[in-house]
Amino acid sequence: MTDQPQQSPATDEAPATARRDLGLGLDRTGPFAVGDKVQLADVKNRLHTITLKEGGEFHTHRGVLKHDLLIGAEDGVVIEDGRGTRYQALRPLYADYMLSMPRGAAIIYPKDSAQILMWGDIFPGARVLEAGVGSGGLTTALLRAVGPEGTVHSIERREDFAEVARENVETYFGGPHPSWDLSIGDFQDLAPTLSPGEPQVDRVVLDMLAPWECVEAAAEVLVSGGVYLAYVATVTQLSRTAEALRDHGEFTEPYAWESFVRPWHLEGLAVRPEHRMNAHTGFLLTARRTAHGTKALTRVTRPAPGSHLEEELQDPANDGFGGSDSEWGPKDVGELGVAPRKLKRALRDIRQGRDR
């Protein structure tokens, strides 16, 4: 966990804080500067995101807004274009960026990222090992949470996914993040090589098809009391991961949940739930690493009749539950493949979006 990511020549000359002072990253406050992204909202809350340039112009069918009106202005100012159309100008928040950023793999949505940071206990200075980097949305949240004294090491099996994630993370922070490493390969193979013979990871965060296959490697690298957290899409994945943690013997009883978010419509006396809500996206599961060599206490339970009957566990209809050992592929959990052209389009949109 001590190796630092390679920095590109363009960013070796200035530390991360200097890059943010130049307005190239999104994690800052203060007046707008050249290179900042600005989110413009009209009276109907139609959103447009622009990148400020000296002498730049934003064109719509309503009129032309000159970038120079925004450069040096306070975040949150209301401005008018040449024809009097008014816009509220705000620097995009992390949630705005996560939901709108170009992607190849699906992202972990803000409602789940927030709970990962809370229940995974991602603290300033933490050493986090992440696997399944996807499009980089959660990686960005982890880097913000660990701060300059912490580290995040991400492992991704697919090089094309890793490229999209790297571009998104560097766009957000304005360049390569000094606390981030990104490796290509399998978690089971790479994790034990990061700190051979000595646990040096405070938190393990997994977003992948088969997190139960990573329990042994996670136990090897986690410090005593460290947190294992998995994000999974289906009930069968949840069951297999929980049973793998129990079978290992040196993790506390796993705890799992899902969350729903229901927005509300607020207008005078018309205060009611919105017609749509953010329902199931995935399950979160956490467990704590016991002291190395110490067996976890077994929880005393009164299981439902038949929940551990061998004939039921081996029934083909129950494959995936109760710690079954069959091999799975992405199609078993309804995971759709990502076409190469989608990844190329995401990379194009990221690179073009830095200057739009």
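Residues numbered from 1 in each chain as written. Predicted model: local features only at pLDDT ≥ 70, side-chain atom pairs only at ≥ 80, totals over all residues. Heavy atoms only, no water.

Student: Looking at this structure, how should I read the pattern of salt bridges?
Tutor: Opposite charge on two side chains permits them to pair, given that their charged atoms come into close proximity. As enumerated under the stated definition, the model contains 14 salt bridges in all. The closest approach of N and O atoms between Arg86 and Glu80, which form a salt bridge, is 3.9 Å. For Arg289, the salt bridge identified is with Glu250, shortest N-O distance 2.6 Å. Of the two residues, Arg289 sits in the loop between strand S15 (283–288) and helix H10 (310–313) while Glu250 sits in the loop between helix H9 (235–248) and strand S12 (255–257), which places them 39 residues apart along the sequence. Through salt bridges with shared partners, one network takes in Arg28, Asp36, Asp75 and Arg91. (Salt bridge = Lys/Arg side-chain N within 4 Å of Asp/Glu carboxyl O. Helix = DSSP H or I, 4+ residues; strand = E, 2+ residues; numbered from the N terminus.)

Student: Honestly, the pairing of strand S1 (residues 37–41) in this entry has me stumped. Any pointers?
Tutor: Of all five residues in S1, five are buried; the element is thus mostly enclosed. Burial along S1 is two-sided: Lys37, Gln39 and Ala41 and Val38 and Leu40, pointing in opposite directions, are all buried. Sheet topology note: the S1/strand S2 (residues 47–51) ladder contains five bridges and is antiparallel. Looking at S2, one finds that Gln39 is bridged to Thr49. In textbook terms, the turn of a hairpin is the stretch between consecutive antiparallel strands, and for S1 and S2 this stretch comprises five residues, one of which, Asn45, has a positive phi near 60 degrees. (Buried < 20%, exposed > 50% of the residue type's maximum accessible area, 1.4 Å probe, protein only. Pairing = 2+ DSSP bridges.)

Student: Which parts of the structure should I look at to understand the packing of helix H4 (residues 110–119) against helix H5 (residues 137–146)?
Tutor: Between two packed helices, both the angle of their axes relative to each other and the distance between the axes serve to describe the pair. The N-to-C vectors of H4 and H5 enclose an angle of 35 degrees; their axes lie 10 Å apart at closest approach. Classified by chirality, the crossing of H5 by H4 is right-handed. Residues Ser113, Ile116 and Leu117 of H4 lie in contact with H5, whose contacting residues are Leu138, Ala141, Leu142 and Ala145. Of the residues that constitute the contact of H4 with H5, the class distribution is six nonpolar, one polar and no charged. (Axes fitted to C-alpha atoms, helices over the stretch in contact; angles between N-to-C directions. Left-handed = near helix turned anticlockwise from the far one by under 90°. Contact = heavy atoms within 4.5 Å. Nonpolar A, V, L, I, M, F, W, Y, C, P; charged D, E, K, R; others polar.)

Student: Please clarify how the side chain of Ser135 should be interpreted in this entry.
Tutor: With respect to the helices and strands, the residue Ser135 is situated in the loop between strand S7 (127–131) and H5. Taking the relative accessible area as the measure of exposure, Ser135 reaches 1% and is therefore buried. Aside from chain neighbours lying at most four places away, what touches Ser135 is Met101, Arg103, Gly104, Ala105, Ile107, Val164, Ala165 and Asn168.

Student: Sorry, what's going on with the pairing of strand S6 (residues 86–90) here?
Tutor: Within a regular strand, side chains alternate between the sheet's two faces. Here S6 shows a clear split, with Tyr87 and Ala89 buried on one side and none of Arg86, Gln88 and Leu90 buried on the other. Strand direction decides the pairing type here: S1 and S6, joined by three bridges, are antiparallel. When the bridges of S6 are listed, Ala41 appears paired with Gln88. Relative to S6, strand S5 (residues 78–80) runs antiparallel, the two being bridged by three bridges. Residue pairing in the sheet places Ile79 in a bridge with Tyr87 of S6.

Student: How should I be thinking about the nonpolar core in this particular structure?
Tutor: Generally speaking, soluble globular proteins have nonpolar side chains that are buried together. If you look at the biggest cluster of nonpolar residues, it comprises 31 residues, and the most contacted ones within it are Ile116, Ile122, Val128, Leu138, Val152, Trp180 and Val205. Elements with a minimum of two residues in this core: helix H3 (94–100), H5, helix H6 (159–173), strand S9 (180–184) and strand S11 (222–232). The contacts of Ile122, once residues within four sequence positions are left out, are Ile116, Leu117, Val128, Leu142, Ala145, Val146, Arg203 and Val205. Ranked by size, the runner-up nonpolar core spans 29 residues in total, among them Val204, Leu206, Ala210 and Val215. (Core = buried A, V, L, I, M, F, W, Y, C linked by side-chain atoms within 4.5 Å.)

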